[in-house]
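These are the residues of each chain, in order.
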There are 2 protein chains.
Amino acid sequence: MDRIRAQYELHCPPTAAAPLAEAVAHELTVEIPPALVPGGFVREQVLARTESLGIEALGEARHALELSFSAPLANRQIPQLLNLLFGNASMYPGVRLVGFELPPALLDAFAGPRFGIAGVRELCCATPGKALLASALKPRGIPLEQHEANAEAFAAGGGDILKDDQNLVDDSQAEFAHRIDRIATAVERGRERAGRGTQYFPHVAAPFEELRHRLEAVVDRGLRGVLLSPHVLGVDTARGLAAEFDLAFMAHPSFSGSYTVRHEAGLAPWVLWGQLWRLAGCDLSVFPNRGGRFDLSDEDTARVADALRRPWGALRPALPTPAGGMGFDNIPRMVGRYGPDTALLIGGALLGHGPDLGASTREFRAAIDAA
Amino acid sequence: MDRIRAQYELHCPPTAAAPLAEAVAHELTVEIPPALVPGGFVREQVLARTESLGIEALGEARHALELSFSAPLANRQIPQLLNLLFGNASMYPGVRLVGFELPPALLDAFAGPRFGIAGVRELCCATPGKALLASALKPRGIPLEQHEANAEAFAAGGGDILKDDQNLVDDSQAEFAHRIDRIATAVERGRERAGRGTQYFPHVAAPFEELRHRLEAVVDRGLRGVLLSPHVLGVDTARGLAAEFDLAFMAHPSFSGSYTVRHEAGLAPWVLWGQLWRLAGCDLSVFPNRGGRFDLSDEDTARVADALRRPWGALRPALPTPAGGMGFDNIPRMVGRYGPDTALLIGGALLGHGPDLGASTREFRAAIDAA
């Protein structure tokens, strides 16, 4: 295979499917009416090729389209890959990107996760064969001392990864450096008590001009990971920042749900939070769990996890990090569903479990280990 | 007004509206269950405040919600503003952001368009009181000589702004610098013949690490503007790049349509292509025209244009740049609808109008001037 392949669902009456398929093929590549497309190179190598169109192959008014693209059209970079696979098609109400494959020579352009599952597990000194327990510092607005106490308790209780809430944002570099130092110190106190390797991943959102300074502060403090929101910062901005620094990259879905939330348009969850983010180098992909506040189906979440973990060229696998909807009682079910190479991100349920966050963390930790 | 205000449409049964409003208010700020929100500062200053909820105020199962937020929660930056106004709410299938207002002290944090409408008009030596004619170099894959010939013809015919197609992307800095130099030279030849001020805006998509070099090449070549796709590169990445260089910033909607395409979720078109992009400093906002391949309503496009041009603190107005659906015959209607402070982006229709692009451009130019 030397061409890029992409699968789309088309949602329209059956008679409209073939014209829509042709429109999408033109839209994504030559962006001129079919009559104006020059023969030769442009028609043969630039215009997307319709590999197959299965009218109503997916159900009533749901059609399966596969396009292929010449690999050089992606220019070995994520921004142009986004243009090519879905740029202007994002404006079509009945077109959804549900998968893509890159030829090996193009896939080689992307370094993918720096740590991968094995690297993150090692970083956290995670118990072999057991899922990781992750949580979030929140809410914004409580005194720093209280965040510190929570951070220490979570680490002492045996949590693996503590991230900032994506609303924890500081006005300046100095405030950021001060805050993450205090939290990091608290995590260090807690993990010494527990004899574990709890990692703290600060959240970085900042004006473009300041992003690299924030990451430098994270590295300077000796921290090993960071939380970035690819669709708040830009997918390739997040990739580029993570690639520059020796940090594990946890990706947060803030501002990305609009791509997945309507099934007739946008991107399938496993394309967005699975393939695309792994290509962009995320080591941990946070996505909304089945049964949480944002309802995905079991099949959706299983496919996200699979896209993050399955063999894919030389790209390391990334840790599925489902979030939401995990109470103490359904830990066994979650571990059963996702398996051990998963980080369960449990925020509110952990905070609400009891008055002693350290004890709650120990209980959740034990439930995960027993599952 | 010292708080941020944001308006949402909720799409759900009437009995679900109040719980959904409460869920969104929590989701966007404290992100913990209501029972866990501490009293005092967090409940009063961090938790979003529900200003009003009009059950079925917008129609059957369509409710109007207004939330307000304490201004410091946005940290005077676009990434955190995205988190705050819509970050996790993007994952709710029935929540759409339809407007926002920032208090003056927060609005001051954003420089907005560098050139604005007056500046872009001046740059192009545009005919006073007449709409601008813009077009795109395409398709990718034709010989550079043909792009050059098209560029010269468009400039000689009296076009105002020529941009690259968003698929025109180069593999390296050297290829980019070479290509834009050739096109720029062709545009210069054409505009000398026409005695006008046609501007050429190259498209920049590149790996994060190379973006600034591309912009430097644009400046080094003496060009005055650039085409960036905010949702391909990141909204604040585009803003930051445009702010660093003395370039007019034309924003392209590639990969952004998923936010607007389904009316029950995402962002209203005028929030995305109007308010948000203007805040991010775009001088020209390209958005899908009514009647084009991507169908927006007349009201939608009028509201996008209004959001770009209406008085808004110290922010300069930006040029609405509707694209698509503009044939020669409906130029008068388009000019009538959008008014003179508009750039009509006409690609395929201009290329397909006749065999002589220079003559076609003159005809379109004359039709705009006569309208």
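Whatever comes next refers back to the structure up there.
Residues numbered from 1 in each chain as written. Chains lettered and ligands numbered in written order. Predicted model: local features only at pLDDT ≥ 70, side-chain atom pairs only at ≥ 80, totals over all residues. Heavy atoms only, no water.

Examining the pattern of salt bridges
Two side chains with opposite charge may pair up if their charged atoms get near one another. This is how the line gets drawn: Salt bridge, as used here: a side-chain nitrogen of Lys or Arg that lies within 4 Å of a carboxyl oxygen of Asp or Glu. With a 1.4 Å probe rolled over the protein chains alone, any residue whose accessible area is under 20% of its type maximum counts as buried; one over 50% counts as exposed, and the rest are partly exposed.
The full count for this structure, using the stated rule, is 53 salt bridges over all chains. A salt bridge links Arg214(A) to Glu210(A); the nearest nitrogen and oxygen atoms lie 3.0 Å apart. Overall, Arg214(A) belongs to the buried group, its relative accessible area being 2%. The exposure class assigned to Glu210(A) is partly exposed, which follows from its relative accessible area of 27%. Here Glu188(B) and Arg221(B) are joined by a salt bridge, their closest N and O atoms 3.1 Å apart.

Details of the interface of chain B and chain A
Rules: What makes two residues a contact is simply this: any of their non-hydrogen atoms within 4.5 Å. For any pair of parts, buried area is found by adding up, for both, the accessible area (1.4 Å probe) each one loses once the two are put together.
Every contact between the two is made by 78 residues of chain B and, on the other side, 77 residues of chain A. Taken together, both faces of the contact between chain B and chain A bury some 6600 Å²; the carbon and sulfur share is 56%. Sorting the residues of chain B by area buried against chain A places Met91(B), Phe208(B) and Phe255(B) first, and these three jointly supply 13% of that buried surface. Put simply, chain B and chain A have 6 salt bridges between them. In this structure, Glu209(A) engages Arg239(B) in a salt bridge whose closest nitrogen and oxygen atoms are separated by 2.7 Å.

What about helix α3 (residues 78–87) of chain B?
Residues and elements named next belong to chain B. In plain terms, the rule: Here a strand is any run of E in DSSP of at least two residues, a helix any run of H or I of at least four, and the numbering for each starts at the N terminus. Whenever a nitrogen or oxygen atom comes within 3.5 Å of another N or O atom, the pair is scored as a polar contact, on the condition that within protein one atom can donate a hydrogen and the other can accept it, and that pairs from neighbouring residues in sequence are kept only if both atoms are in side chains.
Within α3, 10 of the 10 residues are buried, leaving the element largely enclosed by the surrounding structure. By the burial criterion, the buried members of α3 are Ile78, Pro79, Gln80, Leu81, Leu82, Asn83, Leu84, Leu85, Phe86 and Gly87. At the N-terminal boundary of α3, the capping side chain belongs to Gln77, with an oxygen 3.3 Å from the backbone nitrogen of Gln80.

Here we look at the sheet that holds strand β10 (residues 266–267) of chain B
All names here are of chain B. Here is the rule we go by: Two strands qualify as a pair provided DSSP detects at least 2 bridges between them. What counts as an axis is a line fitted to C-alpha atoms, over the stretch in contact for a helix, and the angles between N-to-C directions run from 0 to 180 degrees.
As summarised here, the arrangement of the 5 strands in space is β2-β3-β1-β4-β10, forming an open sheet in which the pairing is mixed. Because the sheet does not close on itself, it has two edges, and the strands there are β2 (49–59) and β10. By the bridge criterion, 6 bridges tie strand β1 (residues 3–11) to strand β4 (residues 95–101) in an arrangement that is antiparallel. From the neighbouring strand, Arg5 faces β4, where its bridge partner is Glu101. α3 contacts β1, β3 (62–70), β4 and β10 of the sheet and is inclined by roughly 40° relative to β1. In the packing of helix α11 (residues 269–279) onto the sheet, contacts are made with β4 and β10, and the angle to β4 comes to roughly 40°.

So, the environment of Ser285(B)
All names here are of chain B. Secondary-structure assignment places Ser285 in strand β11 (residues 284–288). Along the chain, Ser285 and Leu233 lie 52 residues apart, while their C-alpha atoms are 15 Å from each other. When residues no more than four places from it in sequence are discounted, the contact partners of Ser285 are Ala251, Trp273, Trp277, Leu308, Leu319, Pro320 and Thr321. Within the structure, the side chain of Ser285 is placed 2.7 Å from the backbone oxygen of Trp273, a separation counted as a polar contact.

Looking at the packing of helix α7 (residues 173–194) of chain A against helix α8 (residues 211–220) of chain A
Residues and elements named next belong to chain A. Under the convention used in this document: Each angle gets one of four labels, with under 35 degrees taken as roughly parallel, over 145 as roughly antiparallel, 65 to 115 as roughly perpendicular, and the rest as oblique. In a left-handed crossing the near helix is turned counterclockwise from the far helix by less than a right angle, and in a right-handed crossing that turn is clockwise. Under the convention adopted here, Pro, Cys and the residues Ala, Val, Leu, Ile, Met, Phe, Trp and Tyr are nonpolar, Asp, Glu, Lys and Arg are charged, and Gly plus all remaining residues are polar.
It is at 10 Å that the axes of α7 and α8 come closest, and there the two elements cross at 25°. One element, α7, and the other, α8, form an angle in the roughly parallel class. Like other packed secondary-structure pairs, α7 and α8 cross with a definite hand, here right-handed. In this structure, α7 uses Gln173, Phe176, Ala177 and Ile180 to contact α8, whose residues at the interface are His213, Arg214, Ala217 and Val218. Residues of the contact of α7 with α8, tallied by class, amount to 5 nonpolar, 2 polar and 1 charged.

Quick word on the sheet that holds strand β2 (residues 49–59) of chain A
All names here are of chain A. The strand order across the open sheet formed by 5 strands is β2-β3-β1-β4-β10, and the pairing between neighbours is mixed. Each edge of the sheet is formed by a strand with only one pairing partner; in this case those strands are β2 and β10 (266–267). Across 2 bridges, the pairing between strand β4 (residues 95–101) and β10 is parallel. In the strand pairing of β10, Arg96 is matched with Gly266. Here helix α1 (residues 14–27) sits on the sheet in contact with β1 (3–11), β2, β3 (62–70) and β4, set at roughly 145° to β2.

What about the nonpolar core?
In plain terms, the rule: Among buried residues, the Ala, Val, Leu, Ile, Met, Phe, Trp, Tyr and Cys ones that are joined through side-chain atoms within 4.5 Å form a nonpolar core.
Judged by nonpolar contacts, the single largest core of 228 residues is most densely connected at Ile4(A), Tyr8(A), Phe69(A), Ile4(B), Tyr8(B) and Phe69(B). Once residues lying within four places of it in the same chain are set aside, the contact partners of Phe69(A) are Arg3(A), Ile4(A), Ala6(A), Tyr8(A), Leu28(A), Thr29(A), Ala48(A), Leu84(A) and Leu85(A).

Quick look at the relation of the copies chain B and chain A
Definition in use: C-alpha atoms of residues with pLDDT of at least 70 in both copies form the basis for the least-squares superposition of the copies.
Overlay of chain B on chain A (RMSD 0.0 Å): rotation 180°, translation along the axis 0.0 Å. Such a turn and shift between the copies fits a two-fold axis. Considering only C-alpha atoms, the residue of chain B closest to the rotation axis is Gly234(B), which sits at 1.7 Å. By residue overlap, the copies meet face to face through one surface: 99% of the interface positions of chain B are interface positions in chain A.

Remarks on the pairing of strand β6 (residues 161–164) of chain B
Residues and elements named next belong to chain B. Applicable threshold: A crossover gets the label right-handed when its path from the first strand over the helix to the second runs clockwise, viewed with the strands pointing away from the viewer.
Residues Ile161 and Lys163 line one face of β6 and the alternating positions Leu162 and Asp164 line the opposite face, and both faces are buried. As paired strands, strand β5 (residues 132–137) and β6 are joined by 4 bridges and run parallel to one another. By the bridge assignment for β6, Ala136 is matched with Lys163. Assessed by its sense of winding, the connection that carries the chain from β5 through helix α6 (residues 144–156) to β6 is right-handed. Two elements, β6 and strand β7 (residues 199–201), share 3 bridges in a ladder whose sense is parallel. Paired with Lys163 across the two strands is Phe201, which belongs to β7. For the crossover that starts at β6, traverses helix α7 (residues 173–194) and ends in the parallel β7, the hand is right-handed.

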